[in-house]
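Each chain is listed here by its residues.
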Amino acid sequence: MPAVYALGRRWHLSSDDLVVPGAFGSIFFATWTGLLAAAEGKIEEGSFCPTSAFTRYVSALLAFSAVSCVLHALLAWQSNLGSMLDEAKRRWVPWLLYFIAVIYGGMLGLIIWGSVLMADSQHTTGSSGCSSSGQWTAISRTIVYGSWAAIGMVFL
C-alpha cells in the first residue's frame, strides 16, 4: 500500500484507502444536490420570490454540489482499482484530490457569499409585496445554514 504523493509530500494514507470516504461523499453530495434542486425548482416555479442575487447563489451552489458528487464518485472508483500494491492504476487519485480541494474552496466562498446575502435580508426575500416572503426567508436560511453544516462535515 504505497502512500499517496500529493501537494509535494507523501501522506500517511494510501490511494486505496479513499473508497469509503469517496463513496460517502458522493452519497452525501447527491442528497444535498437533490435538496438544492428541489429549492431551485420552487424558485423557477414561482412559489417563492427571492432576489436574483440569491437565485444565482442557489444555482451556483447546486452546480458546485453536483460537481463535487461526481468527483467523489470518481475518487471512490479510482481508489478501488487494482491490487493493494498496484499504484499505477490509481494514478488519478492525487489529481482528484486536487480538484475536490478546489471545489471545496469554491463552495466555501459561495457559502460566505450566501451568509452575506442572508445578513442583508432584502437580498433573500425579493419584493416587499411577495406573499410568501416569510416562508422563503425560512427556506433561504435553511439553505445557507445547511450549506455551512455540509461544508463543516466535509472538513471534519
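Residues numbered from 1 in each chain as written. Predicted model: local features only at pLDDT ≥ 70, side-chain atom pairs only at ≥ 80, totals over all residues. Heavy atoms only, no water.

Undergrad: An account of the overall build of the protein is requested, with residue identities and associated values reported.
TA: Helix and strand counts for the protein stand at five helices and two strands. Along its sequence from the N terminus, the protein presents helices and strands in the succession β-β-α-α-α-α-α. The buried share among the 156 residues of the protein stands at 40%. Put simply, the protein shows about 8,400 Å² of open surface, and 68% of that area lies on carbon and sulfur atoms. (Helix = DSSP H or I, 4+ residues; strand = E, 2+ residues; numbered from the N terminus. Buried < 20%, exposed > 50% of the residue type's maximum accessible area, 1.4 Å probe, protein only. Areas by Shrake-Rupley, 256 points an atom, 1.4 Å probe, with all protein chains shown as cover.)

Undergrad: Can you lay out the side chain of Thr33 for me, pointing to particular residues and giving the numbers?
TA: Mapping Thr33 onto the fold places it in helix H1 (residues 19–45). Side chain to side chain, Thr33 and Ser65 meet in a polar contact 2.8 Å long. In this structure Thr33 touches Leu62, Ser65 and Ala66, once residues within four positions along its chain are discounted. (Polar contact = N/O pair within 3.5 Å; in protein donor to acceptor, adjacent residues only side chain to side chain. Contact = heavy atoms within 4.5 Å.)

Undergrad: Let's hear about the packing of aromatic side chains: which residues, and what values?
TA: We describe a pair of aromatic rings using the distance from one ring centre to the other and the angle between the two ring planes. Applying the stated criterion across every chain yields a total of five aromatic pairs. Measuring from ring centre to ring centre gives 6.2 Å for Phe24 and Phe28, while their planes differ by 25°; the resulting arrangement is stacked. With Phe24 and Phe28 both in helix H1 and four residues apart, this pair spans about one turn of that helix. For Phe24, a relative accessible area of 54% gives the class exposed. Centroid distance Trp95 to Tyr98: 5.5 Å. Interplanar angle 80°. Geometry classified as edge-to-face. Of the two residues, Trp95 and Tyr98 both sit in helix H3 (residues 93–119), three residues apart, roughly one turn of that helix. Among the residues examined, Trp95 registers a relative accessible area of 46% and is labelled partly exposed. (Phe/Tyr/Trp six-rings, centres within 6.5 Å; stacked < 30°, edge-to-face > 60°.)

Undergrad: Pulling in residues and values, what's your account of H3?
TA: Because the α-helix completes a turn every 3.6 residues, residues three or four places apart line up on one side. Between its first and last C-alpha atoms H3 spans 39 Å; for 27 residues at 1.5 Å apiece the expected length is 39 Å, and the two agree. Restricting attention to buried positions, one finds in H3 the residues Val93, Pro94, Leu96, Ile100, Ile103, Tyr104, Met107, Leu110, Ile111, Gly114, Leu117 and Met118. (Expected span 1.5 Å × (residues − 1).)

Undergrad: Lay out the confidence of the model for the protein in plain terms, naming residues and giving numbers.
TA: Residues at a pLDDT of 70 or more form 71% of the protein, whose mean pLDDT is 77. By mean pLDDT, the top-scoring element of the protein is helix H2 (residues 52–79) (88), and the lowest-scoring one is helix H4 (residues 122–125) (52). (pLDDT = per-residue confidence, 0-100.)

Undergrad: Residue-level account of a nonpolar patch on the surface, with values.
TA: Among the surface-exposed residues, Val70, Leu74 and Trp77 lie close enough to one another that they form a single nonpolar patch of about 300 Å² accessible area. Take Trp77: it is sitting in helix H2. (Patch = residues over 30% accessible without salt bridge, like charges linked within 9 Å, V, L, I, M, F, W, Y side chains within 5 Å. Salt bridge = Lys/Arg side-chain N within 4 Å of Asp/Glu carboxyl O.)

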